[in-house]
Amino acid sequence: MALIFCIITDLMRRYNILSITTKRKVFVIFSHFVPGALLISLYYSGGSSLIVYSLALGFMGAAIVTNVTNIQDMAPNHAAQLYGLVSVFPLLVSVISRFLISDSLMKQDLERAWQLIFIMTGVMFLIGGVVFLILGTGKLQKWNFHRNSFQFSLFNKESHSES
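About the thresholds
Residues numbered from 1 in each chain as written. Predicted model: local features only at pLDDT ≥ 70, side-chain atom pairs only at ≥ 80, totals over all residues. Heavy atoms only, no water. Helix = DSSP H or I, 4+ residues; strand = E, 2+ residues; numbered from the N terminus. Buried < 20%, exposed > 50% of the residue type's maximum accessible area, 1.4 Å probe, protein only. Contact = heavy atoms within 4.5 Å. Areas by Shrake-Rupley, 256 points an atom, 1.4 Å probe, with all protein chains shown as cover. Phe/Tyr/Trp six-rings, centres within 6.5 Å; stacked < 30°, edge-to-face > 60°. Arc of directions from axis to C-beta.

**Student:** Report on the overall build of the protein, specifying residues and quantitative values.
**Tutor:** A tally of helices and strands in the protein yields seven helices and zero strands. Listed by position from the N terminus, the elements making up the protein come as α-α-α-α-α-α-α. Burial analysis of the protein (163 residues in total) assigns 28% to the buried set. Of the contacts made within the protein by residues no fewer than 6 positions apart, 74% connect residues no fewer than 24 positions apart. For the protein, the exposed area adds up to about 11200 Å²; of that, 68% sits on carbon and sulfur atoms.

Right, dumping it as C-alpha cells:
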C-alpha cells in the first residue's frame, strides 16, 4: 500500500494540492491513526483477525509519505544525520518492548499476552500520530543552511593551535 500512498502524494504535489505540511499531516491519519485503531481493535477481538492485522500493516506503508520523508522536507542538508538520530528512538522502543513482552509472555497465557502487545503498539501509534500533528512541519528549517550545525570535534580548535 506504500506505493499507492506515494502515487497519490506525487499527484497531489504535481497539481499543487495542499501544502507539504498539510499533506504530511493528512496522511498521518493513514500511517498512524488507522493502524493504531486497527491494532487496538485486535485487542478487543482477541487478536485473532489476520485480515485486520494485514490491513494495519498495509496502512503503515503511508509512513513513507509522512514522518519518513518529512526529514528531507525540513533539512535536506542534514538528512543523513537526522535519519540516524531519529532511528535511535524506534530502536530503544524495540529493545524496551522486548523485555516487557517477554515478561508478559512468561506470566500470562499466550492469547492474553498478544492482546497486550496489540494494545501497547496501537497506543504508541496513536501517540506518535498526535505528536506529529502537533509538532510536524514540512517547512525548510533555518538551521538547514548552517554547515557546521551537526559537526563537532573532540578537541577545541584553540587546544590545537600553535603558540
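Now that the structure has been shown, the text picks up again.
**Student:** Outline the packing of aromatic side chains, supporting the account with residue identities and numerical values.
**Tutor:** Under the definition given, this model contains seven aromatic pairs. Seen in terms of ring centroids, Phe 5 and Phe 30 are 5.6 Å apart; in terms of plane orientation they differ by 35°. Their pairing is tilted. Remark: Phe 30 occurs in helix α2 (residues 20-45) and Phe 5 occurs in helix α1 (residues 2-14); sequence separation between them is 25 residues. On the basis of relative accessibility, which here comes to 6%, the residue Phe 5 falls in the buried class. Look at Phe 30 and you get partly exposed, because its relative accessible area is 29%. Taking the centre distance of 5.9 Å and the plane angle of 50° together, the rings of Phe 27 and Phe 30 count as tilted. With Phe 27 and Phe 30 both in helix α2 and three residues apart, this pair spans about one turn of that helix.

**Student:** Can you break down helix α4 (residues 67-74) residue by residue, with the values?
**Tutor:** Looking only at α4, the buried set comprises Asn 70, Ile 71 and Asp 73. Burial along α4 is one-sided: seen end-on, the buried residues are contained in an arc of 160°.

**Student:** Account for the environment of Lys 139, with residues named and values stated.
**Tutor:** For Lys 139, the position within the fold is in the loop between α6 (110-135) and α7 (157-160). Classification of Lys 139 by relative accessible area gives exposed; the value is 58%. Sequence-wise, Lys 139 and Asn 70 are 69 residues apart; in three dimensions their C-alpha atoms are separated by 9.1 Å. Dropping the residues within four chain positions of it, Lys 139 is found in contact with Thr 21, Asp 73 and Met 74.

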